[in-house]
Structures are given as structure tokens and as C-alpha cells.
Amino acid sequence: MMGDGESVPFLLSLFLSGLVPDGFLPQRPRMQQGASARVSAIQALIELLSSMRFAISLLTVLAIASIIGTVVQQNEPANAYLNQFGQFWEPVFARMGLYSVYGAGWFLAILAFLVLSTMLCIIRQATPMLREMRGFHEHAREVSLRLFAHHASLVPTLPPQARRGAVTDYLAGEGFRFRIDEREDGALVAARQGGAGRIGYFLAHTAIVLICAGGLLDGDLPLALQMYLGDKAPTSGNRPVADIPASARLGPDNWSYRGNVYIPEGGSADFAVLNAGDGILLQSLPFRVALQRFRIDYYASGMPRRYASDLVITDNDSGERFERTLEVNKPFTYRGVTLFQSGFDDGGSRLRFTVRDLAPGAHPPYPFAGEVGARIPLETLGYGYTLEITGFRPINVENMAATAPGGGFESFFGGGANAQSGKKPRNLGPSYTFKLRDAAGQAREFSNYMLPVEIDGRWYLYSGMRASQMEPFSYLRIPLDGDAGVDAWFAIRHIFFDPARLDALAARFAARNLDGDDSTLRERLKEAAGHTLALFADGGFAAISEFIEKSIPEAERERSGAAFLQIIQGLTWDAWMIAREEAGQAALEPGEAHAPFVRDALIALADSSRYGAPFYLQLNAYEQRQATVLQATRSPGKALVYSGALLLALGVFGMLYIRERRLFVLLKNDETLLAMSSNRKTIDLDETFARHRDALAAALGATAPQN
Amino acid sequence: MELAPSPSSSSAAPPSAPGAPAPKRRAYGDWLYALALVTGACFAFLRYGQAMDGYDAAILVLHVPILAALGRAWRPFRPFLAIVAVLALAGIWLYQGDPARAEQTFFLKYLISSQAAIAWMSALFFIATGAYWLGMAARSDFAERTGSALTWAASVMGATGLFVRWYESYLLGPDIGHIPISNLYEVFVLFSLITALLYLFYEGRYGTRKLGAFVLLTVSIAVAFLLWYAFTREAYQIQPLVPALQSYWMKVHVPANFVGYGGFALAAMAGAAHLLVSRGILAGRLPAPKVLEDVMYKAIAIGFAFFTIATILGALWAAEAWGSYWSWDPKETWALIVWLNYAIWLHMRLTRGLRGAMLAWWALGGLLVTTFAFLGVNMFLSGLHSYGSL
């Protein structure tokens, strides 16, 4: 805070040095001359603070500071900034408060100066403005009237008294108020209209003060003061609510706050969580909120249409209890606290899985259950991982584009309602995400779909995997067999990658392809198949192509590559057939009809060696439990801000559109002098003056002046 | 009899200043127009009253005095409104509740379905720009008149397109229907329309068409962007509203904002013209510096007033949708920066009496700030207000 305090005068002096005219600021020697000099220094300071230059400099600084806050992402975790700015600049920027500009001391100081400057400006302007609003300038001298940009002289035909009546009638008819000053050589009729425009000035500038004051009351300042003056300090959020110390708890009488309330279905909460720096504070609410149900309604296209929480609110003091449905854009205020629907989450859905071990010869699939949010050590099951179930979504609407975007000319025409081609929303069903964390703390993240997905007439089960949050998921696509479903592929995999069964598989493959008498040749094919299988099990397609590059002359590589592919596809087929036999299913005739399954199965086999999990976690059933995230705010400054906003709107329109006009008619014996002025010098004034001049000339029986 | 008019006042009442047209006839016209508005509102209420809630009814009623005042202050607005009403109603009538008719009915397919109307608007704005430039290059009054007429026609088609699109959105499903100002495509149509109408107002007010070439250039750039965006991203598709946008505030917040943006765009073009003219470039082909300065001030004044209202409305809406009237979201912050920028501009002119090149440069630079607040924030900064993302 000290550093911020010092930077303010520096910044200001920087901006003002170029703007303050010479001799405006008190000179140093004069300041030492005692009390009178001090008084004039204070006067000069007030003068400076209430000056336009100062106000405009402040507005400029405010605009620039605001830009910084939009360029530097605000309130991110500290290590994000470290990554972005590096070791040297990160602490420098942190000290300058750039990570939460709008709450920084220097930013608030600018706002405070703006309020001060505006207030002084209003006070200083009040008396002259009020005088100006009420006054008529009826003592204006003839000489100065002749200096007006808009003046005209009419030679009269009527005597002064008759002219006076005509002039006052005309002015009254035009909505002017006027005062007459009798002079030796005649009389001056001083008229004005639109004086209310000056009220606009007061309204708009008072509004700035009100809005800033209200904003400060509702901002971070009250909390910062409590932390600074009182015994409040944020605490780490990673602990049960019961363990949070009193120093991190704020009572329901707290002045203003804005926090999140997380409630799972069937649960309740009577506190909000406020983020403060890297830690949190618990804010008690004067009531308890229970969530019965969280609902999402969808459009036909699958887009969410409505988020709603069915709440039961119980007053902590009176015990009064009532139900309320909260929706986006429909907040609800109770006992000074406003609740908003701000988000939703999983509240601990219960998921039932089948664990399919990927290791050959492992136990058959077995059931397993857990809930979202749980961390389950898997040592007892024989895996060196901890399972963290992180999320569940019952509906996933994906846009399966039938055509590429850019439907072109034809679809542009034909009405917005018809131009919905090219998009085919489709619900892919439930999905779930989990992490597998090894003993070293490294985690891989998985995103699986519960139901198979159809792509071009074929069905697949999708499982996404990524090694870090930065990467996109890469997907394992497990093909489904017509009668055996997803079991077929897992059975194939067990046979394919089992070293104990390698020999039998290779032999079966060799026998199927060379069923003649040449046993040497068959033996060589079997060996080749066994070798291919071993290579593939070791490193997938990459291992095979590496082997080709190492040991086969370049001219033959293409041919031998094709041969290897044929062998590995043949082995997949044989493994499939073995799996079918073992499952008691009929053998299939080899042919083109089964080629896609073999190809997909083989790709999945290759991908599965990089899957990074010892098992496939397949979801069988779920009981969804959702949670709502509400925002609870208390903002007593709102009334000030809103009334300020109203004044601002009225003031701006008043200032810009109520035009103050002053018309002077000096009636002398031998001349009628017209002069007009306005505080807004626009072309309209020329026009208005010409109109009044011509009309008055007509009313006075003078000839209308020619342009 | 000698008269002594001062030199400055001789410089001119604008030619358009109505030389007092027969006041009686004008009064009849006013009454007729007001009567048409009241009849329209009554018809709408009788026909759809049962589907309206309190807000709808209040807005309907408020439209009558607002449109009446607008028509009184700006007479060409009346035929504009009447033609738009006829075309939009014809479009709705031709649909007969069946979206497929957009392909089958000649008038819908080629003229007044929303997409056809917006395509017409785009084409007409381009041609109008060409006509204004031709008029400026050849000093041809006829070409400038043509430009003016085409700009009116383009505005009619744009407004018709938006109204018909509003109806089309309901054809997709009663829960999908909404006012067509909810995504970047729709607001670009709105921006082109409002900027053109503001320009046309000042064209009539100052009786000079010479600024058209500059203003229509901005409108054409906006339209070019609109078409690029439509063709590459299929942005013309009507999408249902996300829950955060399902609010009454949208109907007032967005149009108010675009009156602001339109005013600032107009002021920037007047500023550009002012800079050229004061350097002797195109002098004589553009309006006089004094007129340009006046246009610039008035455009900024109306833009600032509406932008103030729009920002206040935005804050009121944010209080309902995001839980706080001001959360220093990038969009909010940039709205503040735009507001501060023009607040300083107005202080400079009104209080300090600054005039000339400085203010013109500033108005031109202000358009960059405004454009960043309008588009740049959506493209480069993330935040809550990411509805019109690219």
C-alpha cells in the first residue's frame, strides 16, 4: 500500500506538469513568507483541484488505467502471471497492483481525486451558475451588445413606447422571460430562455459524485478496510467448512459483499464464499438456502434455454420458510441480500461402472461404483493409481455438420428461418470425466461417453485421453461388433497382446493362408506373423515401419509394407474368430463386409497401446445429482448509483439539448438594436437569430433586413 | 432605411430551413400521422394483446409518442416509417405462418424475406456510396440526389429486413422468437441502418448532400464486413437466445448503444472531411468547415447522450444477469473508456471552446476507440459480454 501511495503524486505530477500553466502553482519562495502565503497556497491548490485541466487529466489517467485492466487478465492465480511475465516483471507488476487494477490503491485514489475535483468544481460553479441562470444581464452596455457575433440594427418607424409593447408581446409569445432596464436614451429588454440547461450541469456532475461514492461502498474497499483494521484474514479454501477459523468468517451484518453459494441437490448452505487474493472468506447469510432441484431446459436444437433452481429459503432469525425458483435474469432479493443464478455443477452424481482390464489374461470385467468428486485409491484392486471422478454430463449435444460451414449463396437467401441447413444437432448421451493419478502425482485425464456413437453407419465407443490440461483430448474409437457389441474388441485385444497365445495365433494365421503341403513355407509365414505381432505389441505401426526402414532395402519397402499390413490385418481377423469361438458365436466368412470392422479394430488396437490406463472404465448406470452455483450479493451503494445514473441521463440531455438563449432588444429613439447570445455556439443560432430578427422587424414595422 | 446586419449572421440560415410552409396543412399532416400511429398501436393491441405482458403493453404505448415526436421533428421519417410498415406487414402476410414459403413466394424470395431485404439493403448502400462519390467527383447534384434516394431505399430495406426477421424467428418456434439484435450479424444491419438514418437526418437539416460520400463509405465498410461474416460463418442463421440474453433490457440497451455508435461514426466522418477541407483538399466538393464542425458536434452530442443511456441500461441489466451493476468486465470497461473519451471531447469543446483540427482528429480517433469497444473486445478480450463473438 505504501508503494501505491507514493506512485499517485508522481503520476499526477507527470500528467499535470505539461498542463498547468506557468505561474499557476505557487512558487517555492512565496510559500516561506508566512500565513498569508500559506492561505494563498491552499487557495491555489483548491483552484488546481477544481480546474478543468485537472479534471480532464484525471479522466485521461482513468481511461488509460482502465485499459491496463482489460489488457492484463485480472485476478488470475499467481503462477499464471509468473508464466506470462517471467521472474523479473511478475513481482514488479504485482507491486503496481496490475493484477487487480480496479481495486488497487492508486486506482481508487484516482477515483477519489475525481470525486473531489468534481465536488469542488460544482461548489465553485454553483454561485456564478445560479446567478447566470436567474440573471438577465439587463445592465449590458450598448457597446458590448454591438460586439456580439449576432446583432442587427433596425431603423424604427414606431415611437419607443409602442415598440416596447410589440417587443414584449413577441418575446412572451416565443417563450422568453425578460426584464426591462430603463435608460436615459431608451430601454433595454433583456430576455432569456432555456436556463434549465444549466441545471443539467449540476445534475450530471452530482451524478458522477453519487455513482463513484456508491461504487466505492459496494466495491472491495469496505472489505479491505475490515482486513486492514480488523482481525479478518482470508484462509485457504482447501479444507472443510467446519475447520475455517473465525478470522475468515464474516457476519451477516457485513456492509457489502459478492460471493458464490454452492448447493448440491438435497443440500443447503447459509454462507457464501468470497474470493480474497489466493484465499477465501466465508460470508454468513441471514438465511439458509436449500436446493430441491436444479433444472436445465433445452431448445429443440439442444442449446440450453433455461437454467432454474428450485430453492427453499429459511430465515435464520424468524424461521420463516418459503419456496422460490431462481432463474438467469430473474434475481431475488431477501433481507438485503440478492441471489442470482450464476452457474451449475455436478453435485456428486452416483456412477456405476464396469472395469475392463486391458492386460491380457487379467480378470474378467467386474463392477465398480463411485460418485463425482470422489478420490478412490485403487491399490486394493491391484492398480497403482488413484481414481478421481471429476465430472458427469447427462446430455452432450454436438453439432454434427453435414456440410462444411459457408453454405454459400443459395443458403444466404431464402429467409433467416430457412437457412438452418448444414447443422445437425445430435445428442451423444451421457459423458463422464475422470483422472488417473499415479504414485508420483502425475495425472492423465479421460473423457468417456457412455453410449456408442454412429458414424457413417458404424458404431463406436469413444474414450478421450490427455496427459495434460493444455492438450486436446485424443480419442480411442472402439468398434462394436454386430452381435458381440463392445465385448468383441476387448476379447480380440486380450488374444492379440497375450505373449502366451502368440504362437497359436500365428500358427492359425499361417494355416489359414497356406493350407497346402509346404510346411517349411508355412513355418516361415508363421514366424513372420509371430515377429510382426511382437513388433506391433511393442510399438504399434510405428515399430513395424521402423523395422522396415532398418532392415529392408529401399526399393522393396513399399511392397513389404503392404505385406506387413496384410499380415497384421489377417492376425486381427484370426484373433476375432478365436474370440467368437470362445464366446460360442458362429464363425464368419472372410470378406469385404467385415473389412471395416477389422480395420477399425486394428486402429483401436494400435491406439490402445498409448491409452495410458490399465483398464477401460465403462459407465453402465447413473443417478444424476446436480448442484447450483448462486451468487449472493449485498450492495447498499446501489441506490446511490442508480439515482446517480438517473441524474446523469437527465443532466446529459439537459446540458446538450436545452439551449440557453439570450435576446437583447435595445429600444432607442432612433434605433432598435438586437443582439443574441447562447452558451452553445452552433449553426442553429444563426438561424434562430435570423428568425427573431425578421419577426421583430415585421412586428416593429421595420423592413426586414436583407442578408 | 439602412440596415446593418452583422457579417456573421449573413452567413446563412441553411437553405433547408423551412420557410414556414402552410402551417394549417402541416397540422393536418401531424394529426393524420398521429392518428395512423394510434390506429396501428390499437390494432396491434387488439390483435396480440392477450400475448402481451405489462412490459410489452407499456412499450407499445410508449412507441406512439416517441414515433410521433420523431415524425414531427423530422418529416421524411413519416413516409419512411409508412413504407417500412407496409413492406414488413406484406412480408408477414406472405409467409402465412410457413417458413418454407420464403423459397416459394416470388416476393419473399427476391424482395422482402429478411435475407433478401438485407441483401437489397447491402446492394443499395453500395450503389448509393458510388453515386455520392460520383456526385462529389463530378460535382453533380443529380448523382448526389440519386445517392440520397438510394440511401433512403437501402434504409427501408434494412428496416424491413429486421422486422421480417423478427417474425421469421417466431416461425422457427414460439420459444425461439426474439428481436433480431442478438448477434453480430443482426447488429451490423442495425448499425448500417442507424448510421444511414442519422446521416439522412443531418443531410436534410443542413441541406447539403456533400458529406454522403464519406458517411456512406463507413456504412459500406460495415456492410462489406456483414456480407463477409455472413458468407464465411453462416452468421445469418437465426439462433435461439442463451438464457443470459433473455431479458427485456436487450430491446432498449442494444438500440441505444447503436445510436451511440452511429453518432460517433458520423462524427468521425465529418471530422475526416473537416481535416481535408481545412487543408484545401476537396474544398468546394465537401461542406464548409463550419457546417462540418457543427455536424461533428451534433453527432457526438446525440451519440454521447444515447451512449450514456445505453451504458446505464447495460449496468441495470448486468445487475440482473451477472449479479453486479458494474464488474469491470472488458466490455464494461471499454464502454467507460469510450464514454470518457467523448466526455473529454465535449468538455474541450463546450467548456474550453476548443475548435478546429484538434477536435476533428479526436473525433476520428474516437471512432477507433469505439470500434475496439464494439468489435475488438469481442475478438481479443474474453469476458462475460461475449455474445457477438467472431
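The rules behind the values
Residues numbered from 1 in each chain as written. Chains lettered and ligands numbered in written order. Predicted model: local features only at pLDDT ≥ 70, side-chain atom pairs only at ≥ 80, totals over all residues. Heavy atoms only, no water. Helix = DSSP H or I, 4+ residues; strand = E, 2+ residues; numbered from the N terminus. Rg over C-alpha atoms; globule rule 2.2 N^0.38 Å. Buried < 20%, exposed > 50% of the residue type's maximum accessible area, 1.4 Å probe, protein only. Contact = heavy atoms within 4.5 Å. Areas by Shrake-Rupley, 256 points an atom, 1.4 Å probe, with all protein chains shown as cover. Lys, Arg positive; Asp, Glu negative; His and termini not counted. Charge placed at Lys NZ, Arg CZ, Asp CG, Glu CD. Pairing = 2+ DSSP bridges. Axes fitted to C-alpha atoms, helices over the stretch in contact; angles between N-to-C directions. Patch = residues over 30% accessible without salt bridge, like charges linked within 9 Å, V, L, I, M, F, W, Y side chains within 5 Å. Salt bridge = Lys/Arg side-chain N within 4 Å of Asp/Glu carboxyl O. Phe/Tyr/Trp six-rings, centres within 6.5 Å; stacked < 30°, edge-to-face > 60°. Lys NZ or Arg CZ within 6 Å of the ring centre and 35° of its normal. Domains from an automatic or database assignment.

Of regular secondary structure, chain B possesses 13 helices and 0 strands. Along chain B, helices (α) and strands (β) appear in the sequence α-α-α-α-α-α-α-α-α-α-α-α-α when read from the amino end. Taking 21 Å as the expected radius of gyration for a compact globule of 390 residues, we find that chain B reaches 22 Å, a close match to that expectation. The principal-axis extents of the C-alpha atoms in chain B amount to approximately 70 × 50 × 40 Å. The buried share of chain B, taken over its 390 residues, is 55%. Long-range pairs, those at least 24 residues apart, make up 75% of the contacts in chain B with a sequence separation of at least 6. On chain B, roughly 16,300 Å² of surface is accessible, and the fraction owed to carbon and sulfur atoms is 72%. If the 25 positive side-chain charges of chain B are averaged to one point and the 18 negative ones to another, these points end up 12 Å apart.

Attention shifts here to the overall build of chain A. Broken down by element type, chain A carries 18 helices and 26 strands. In terms of overall dimensions, chain A has C-alpha extents of about 145 × 65 × 60 Å along its principal axes. Within chain A, residue pairs in contact and separated by at least 24 positions form 64% of the contacts whose partners lie at least 6 positions apart. For chain A, the exposed surface amounts to about 35,300 Å²; the carbon and sulfur share of it is 56%. A distance of 9 Å separates the average location of the 68 positive side-chain charges in chain A from that of its 74 negative side-chain charges.

Of note in the backbone geometry, His137(A) takes a positive phi value of approximately 55° without being a glycine. Positive phi, normally seen in glycine, also occurs at Leu282(B), with a value near 60°. Counting through the fold element by element, Leu282(B) comes out in the loop between α10 (249-278) and α11 (289-321).

For the rest of this paragraph, the subject is the sheet that holds strand β2 (residues 177-183) of chain A. Residues and elements named next belong to chain A. Taken together, the 5 strands give an open sheet; going across it, the order is β1-β26-β25-β3-β2, and neighbouring strands pair in antiparallel fashion. Each edge of the open sheet carries a strand with a single partner, namely β1 (150-154) and β2. Averaged over all neighbouring strand pairs, the angle between strand axes comes to 15°, with direction disregarded. Here β1 runs beside strand β26 (residues 672-678); their pairing, made up of 5 bridges, is antiparallel. Within β26, the position partnered with His150 by the bridge is Met676.

Right, let's get into the sheet that holds strand β23 (residues 615-623) of chain A. Residue and element names in this part refer to chain A. Read across the sheet, 3 strands follow the order β13-β12-β23 without closing on themselves; strand pairing throughout is antiparallel. Looking at the sheet topology across the chains shown, the edges are occupied by β13 (366-371) and β23. Looking at each pair of strands side by side, their axes are set apart by 30° on average, direction ignored. Sheet analysis places strand β12 (residues 350-357) next to β23, joined by 8 bridges and oriented antiparallel. Its bridge partner lying in β23, Arg350 is registered against Glu623.

Residues and elements named next belong to chain B. A cluster of nonpolar side chains, contributed by Phe106, Phe107, Tyr110, Leu111 and Trp120, occupies part of the molecular surface with about 540 Å² of accessible area. The leading source of residues in the nonpolar patch is helix α5 (residues 106-112), at 4 residues. Tracing the sequence through the fold places Tyr110 in helix α5. Residue Tyr110 is classed as partly exposed on the basis of its relative accessible area, which comes to 47%.

Let us now look at the pairing of strand β3 (residues 186-193) of chain A. Residue and element names in this part refer to chain A. Within β3, 6 of the 8 residues are buried, which leaves the element mostly enclosed by the surrounding structure. As paired elements, β2 and β3 share 7 bridges and run antiparallel to each other. Across the sheet, residue Glu182 finds its bridge partner in β3, namely Ala187. Counted between consecutive antiparallel strands, the loop separating β2 from β3 contains 2 residues. Sheet analysis places β3 next to strand β25 (residues 661-668), joined by 8 bridges and oriented antiparallel.

Time to look at the packing of aromatic side chains. By the definition in use, this model includes 71 aromatic pairs over all chains. A ring pair is formed by Phe88(A) and Trp89(A), whose centres lie 5.0 Å apart and whose planes are at 85°; its orientation type is edge-to-face. For Phe88(A), a relative accessible area of 57% gives the class exposed. On the basis of relative accessible area, Trp89(A) is assigned to the partly exposed category, the value being 44%. Pairing Phe80(B) with Trp152(B) gives two aromatic rings, centres 5.8 Å apart and planes at 55°, and the pair type is tilted. Here the residue Phe80(B) occupies a position in helix α3 (residues 77-95), and Trp152(B) occupies one in helix α7 (residues 141-171), the gap between them amounting to 72 residues. A relative accessible area of 7% means that Phe80(B) is categorised as buried. Connected via pairs of aromatic rings, a cluster forms that spans Phe188(B), Phe191(B), Phe225(B), Trp228(B), Tyr229(B), Phe258(B), Tyr261(B), Phe264(B), Phe307(B), Tyr342(B) and Phe374(B). Positioned above the aromatic ring of Phe473(A) is the side chain of Arg466(A), whose terminal nitrogen or guanidinium carbon lies 4.1 Å from the ring centre.

For the rest of this paragraph, the subject is the domain arrangement of chain A. For an interface, size is often stated in terms of accessible area lost upon the parts coming together. Segmenting chain A into domains produces domain 1 (4-130), domain 2 (140-194 + 665-700), domain 3 (220-255 + 257-347 + 627-634), domain 4 (363-483) and domain 5 (492-616). Using C-alpha coordinates to define each centre, domain 2 of chain A is positioned 67 Å away from domain 3 of chain A.

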